[in-house]
Amino acid sequence: MRTRRVVALAAVLLAAACQARTDVVALPSPAVPPPATASPLPSPSPSAVPLVPWRGPVEALFVHPLVLHPALAFRADRLGQGFRDYFVTDRELSGVLTGLYDRGWTLVDVHRAAAGTVRVPPGRRPLVLYEDDVNYYRYFTGRGLASALVLTPQGPRAVVDGALSERDVVPVVEDFVAAHPLFSADGARGVLALTGYEGLFGDRDPTSPAVRALAGWLTTHGWTLASHTYGHITLAS
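In what follows, the accompanying structure is described. (Residues numbered from 1 in each chain as written. Predicted model: local features only at pLDDT ≥ 70, side-chain atom pairs only at ≥ 80, totals over all residues. Heavy atoms only, no water.)

1. Quick notes on unusual backbone geometry
With a phi close to 60 degrees, Asp133 is a non-glycine residue in the positive phi region. Here Asp133 falls in the buried class, since its relative accessible area comes to 0%. (Buried < 20%, exposed > 50% of the residue type's maximum accessible area, 1.4 Å probe, protein only.)

Below, the structure written as structure tokens:
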């Protein structure tokens, strides 16, 4: 049984969340379906649930893109050790979200957390969700993770083995909030931390219409796009 932390509720510094990867091998870019042509889903409506100010600390949950095929990800090599240490599976994230919801946690906007204006439903506690490396790097190829995030008429979907899937952080969180409205305050979802040296969201062209459409959808549906430095450098040094 692999030993690793599934989740830690603690303050997380985005820039130092994981180490720079200098040993990856460049592989062919994954196939990405064309951008959606239909109108995307509307922005989330404000909740009818009353919200009250929160004056205490705001915790954070940090994840990476999800491991969908553990046998491919958790191999006995250096990359596999990195996946074991810093990544969780889709089943684990679903269990974590259920546990957080049942224990009274609610997603809040990172800007409100920084400004001290967090609001939550009565009796619940605030949580900021971070997903790091939402670039779907080339080294993910063949290791059991999604290869891209794309916009469809149904909202964002992951590209898994060339097919569209709901098995990644953004669609999983969207579905969970839709089923559990108390899990989001003020329409908040999370922070998506991006580098730039291999494009964005699995698209190797960061200026493509598909990237622009997806970024626009995300920022109007409670997601904040954040810089993880262009080259995934370690700022501590």
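There is more to say, and it comes next.
2. Some remarks on helix H2 (residues 78-86)
Three or more residues of H2 are buried, namely Gly80, Phe83 and Arg84. Taken down its axis, H2 places every buried residue within 100 degrees of arc, on the same side. Buried residues along H2 sit in contact with helix H1 (70-73). (Helix = DSSP H or I, 4+ residues; strand = E, 2+ residues; numbered from the N terminus. Arc of directions from axis to C-beta. Contact = heavy atoms within 4.5 Å.)

3. A closer look at the pairing of strand E10 (residues 223-227)
Sheet topology places strand E9 (residues 190-194) next to E10; five bridges connect them, and they run parallel. Each residue of the ladder has a partner; that of Gly190, found in E10, is Trp223. Taken together, E9, helix H6 (residues 209-219) and E10 constitute a β-α-β crossover, and its handedness is right-handed. (Pairing = 2+ DSSP bridges. Right-handed = clockwise from strand over helix to strand, strands pointing away.)

4. Here we look at the packing of aromatic side chains
According to the stated counting rule, one finds 12 aromatic pairs in the structure shown. With a centroid separation of 6.1 Å and an interplanar angle of 80 degrees, the aromatic rings of Tyr101 and Phe176 are classed as edge-to-face. Taken together, the residues span a long stretch of sequence, with Tyr101 in helix H3 (residues 90-102) and Phe176 in helix H5 (residues 169-179) at a distance of 75 residues. For Phe176, a relative accessible area of 11% corresponds to the buried category. (Phe/Tyr/Trp six-rings, centres within 6.5 Å; stacked < 30°, edge-to-face > 60°.)

5. Some words on the sheet that holds strand E8 (residues 163-165)
Reading across the sheet, the three strands line up as E6-E7-E8 and stay open at both edges, with antiparallel pairing between neighbours. This sheet does not close on itself; its edge strands, each paired only once, are strand E6 (148-152) and E8. Ignoring which end each strand starts from, the neighbouring axes of this sheet average 45 degrees apart. Across five bridges, E6 lies against strand E7 (residues 155-160) in antiparallel orientation. Bridging across to E7, Val150 finds its partner in Arg157. Contacting E6, E7 and E8, H5 runs over the sheet at an angle of about 140 degrees to E7. (Axes fitted to C-alpha atoms, helices over the stretch in contact; angles between N-to-C directions.)

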